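What follows is each chain in one-letter form.
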Amino acid sequence: MVQRSEDTWKKSGIWWQRMLWFVGFAVLLYVALVVAMVVMERHFIFLPSRYDAAAFVPPTPAPQSRYPELEDVWLTASDGTRIHSWFCRPAVARPGGGHIPIETGMTLLWLHGNAGHIAARYDIIGLFTAIPVNVFIIDYRGYGQSEGQPTEAGIYLDAAAAWQYLTEDRGIAGDRIVIFGKSLGGGPATELASKVEAAGLILQSTFTSIPDLANACYPFIPKFVVRSQMSSIDKIGAIGYPKMIIHGPADEIIPYRMGRKLFDTASEPKTFYEVPDAGHNDTFAVGGAAYVAAVRAFIEGCTPE
C-alpha cells in the first residue's frame, strides 16, 4: 500500500514537472513572438514598393477622352528627405495629339494606401481628374522613387510637405483643397487635417488607430506594446470642416466597424458612404459610377462659392 502511494506521488510529480515545462515553454515562445513583432513593427505596418521611372509610360489616351496630365514634382520634407509626387491636371486629348486642359477650382491631396506606389494608381487618378479636380499624389518616404524609410513621424512630415507645396509654391488656398486618405493614408490624412484648414477630408477604408488594427489582426498582441499610433479616432472629433467616411462591409483587412466608429466620433458636418460588397482594395471598382458621383457631390459641397 505504501509502495503504491509512493508510485502515485512520483507519477503525479512527473506530470506536474512536464506541465510546468510546457507552460514555461509556451510563455517563452509568446514573449519571443511579441518581442519579434515589436522589433519588426515597421515592417508589419509599411509595405513599400519601388518602381523605375523609365519603365512607366502612361497609356496614350484616345481622342476626345479625359485623362490626367502628369507633372513630376519633387518635395523636400522638413527633415531633408526628398519625396516624389505627381501634380495631375484633368485634360481632354486632342485628335492628332496634344490636349485641352479642363479648368477646375479644386485640388484633391491624395495620401494613398499601403503597398504599391503612385504609378500603380494611374487609372484611379483618372477617375478623380474626370470629376474634374486636380489630383496631387505623393509617394511616402521609401515608396516609389522617394528617399528614406517610412515611419509614422516621417509620413506625417511628407503629408505636411505636400500641403506646404500646394498652398505656398502653387498658391492654392486651403479652402480649395480636399484631403483624401485611403487605408494607411488615413493616418497622415487625419493628422494633417487636424492641423490645417482644408475644404474637406475624405477617409476611405481606414482604421481608428494602429493599436486597434493590430489587436483586430493579432488579438494575442497587447495594445501597449505597439509603438506606432496613427490614432485618427483621437483627432477626428476636432476637425470642424466637412468629412466623408467611405467603407465597405466586406473589407477583409480593416474592419468595417472602424469606419463606422470614425464616423460616429467625427463632429458635424459629416457623411458616411457605404459601398456594398466592397472589400479593401476593390472599392473603386465595385463602387463604380455611383462611388465617383458621391465623391464629386462631396467635393462640390466643399467648394467655396
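So, here is what we can say about the structure in this document. (Residues numbered from 1 in each chain as written. Predicted model: local features only at pLDDT ≥ 70, side-chain atom pairs only at ≥ 80, totals over all residues. Heavy atoms only, no water.)

Turning our attention to the overall build of the chain. For the chain, the count of helices and strands is eight helices and nine strands. Residues counted as buried form 48% of the 305 residues belonging to the chain. Contacts in the chain between residues at least 24 apart in sequence constitute 70% of all its contacts with a sequence separation of at least 6. Summing over all exposed atoms, the chain offers an accessible surface of approximately 14800 Å²; the carbon and sulfur share of this is 59%. (Helix = DSSP H or I, 4+ residues; strand = E, 2+ residues; numbered from the N terminus. Buried < 20%, exposed > 50% of the residue type's maximum accessible area, 1.4 Å probe, protein only. Contact = heavy atoms within 4.5 Å. Areas by Shrake-Rupley, 256 points an atom, 1.4 Å probe, with all protein chains shown as cover.)

Along the chain, P188 turns up in helix α5 (residues 186-193). The exposure class assigned to P188 is buried, which follows from its relative accessible area of 1%. Between the C-alpha atom of P188 and that of E152, which follows or precedes it by 36 residues, the distance is 8.1 Å. When residues no more than four places from it in sequence are discounted, the contact partners of P188 are L111, Y140, I155, Y156, A159 and M230.

Moving on, we get to α5. The buried fraction of α5 is high, at eight of eight residues. Those residues of α5 lying buried are G186, G187, P188, A189, T190, E191, L192 and A193.

What follows concerns the pairing of strand β8 (residues 243-247). In terms of burial, β8 is a largely internal element, five of the five residues being buried. Burial of the side chains of β8 extends over both faces: K243, I245 and H247 are buried on one face and M244 and I246 on the other. Summarising the sheet, strand β7 (residues 200-204) and β8 pair through four bridges and their orientation is parallel. Its bridge partner being in β8, L201 is matched across the sheet by K243. Taking the sense of rotation as the criterion, the β-α-β connection linking β8, helix α7 (residues 256-265) and strand β9 (residues 270-274) turns out right-handed. (Pairing = 2+ DSSP bridges. Right-handed = clockwise from strand over helix to strand, strands pointing away.)

Now for the packing of aromatic side chains. Per the stated rule, a full pass over the model turns up 13 aromatic pairs. When the centroid spacing of 6.4 Å and the interplanar angle of 55° are considered together, the rings of W110 and F284 count as tilted. Of the two residues, W110 is situated in strand β4 (residues 107-111) and F284 in helix α8 (residues 283-302); the sequence distance between them amounts to 174 residues. Its relative accessible area of 1% is what places W110 among the buried residues. Accessibility expressed as a relative area gives 11% for F284, which makes it buried. Three or more aromatic residues link up through ring pairs in this structure, and these residues are W110, F128, F180, F284 and Y291. Against the face of W74 rests R82, its NZ or CZ located 4.3 Å from the ring centre. R260 extends its terminal NZ or CZ atom over the ring of F272, reaching a point 4.1 Å from the ring centre. (Phe/Tyr/Trp six-rings, centres within 6.5 Å; stacked < 30°, edge-to-face > 60°. Lys NZ or Arg CZ within 6 Å of the ring centre and 35° of its normal.)

Note on pairing: side chains with opposite charge can pair once their charged atoms come close. Applying the stated criterion across every chain yields a total of six salt bridges. R170 is paired through a salt bridge with E71; the nearest N and O atoms lie 2.6 Å apart. Pair noted here: R170 is in the loop between α4 (152-169) and β6 (177-182) and E71 is in strand β1 (residues 66-76), with a separation of 99 residues, a long-range link. Note that K235 is salt-bridged to E191, the shortest N-O span being 2.7 Å. Placement of K235 in the loop between α6 (210-217) and β8 and of E191 in helix α5 is noted, with a sequence separation of 44 residues between them. (Salt bridge = Lys/Arg side-chain N within 4 Å of Asp/Glu carboxyl O.)

Moving on to α7. When we look at burial in α7, the residues that qualify are M258, G259, L262 and F263. The arc that holds every buried residue of α7, seen down its axis, measures 140°, which confines them to one face. Across from the buried face of α7, at angles greater than 90 degrees, the exposed residues are R257 and D264. At its buried positions, α7 is contacted by β7, α6, β8 and β9. (Arc of directions from axis to C-beta.)

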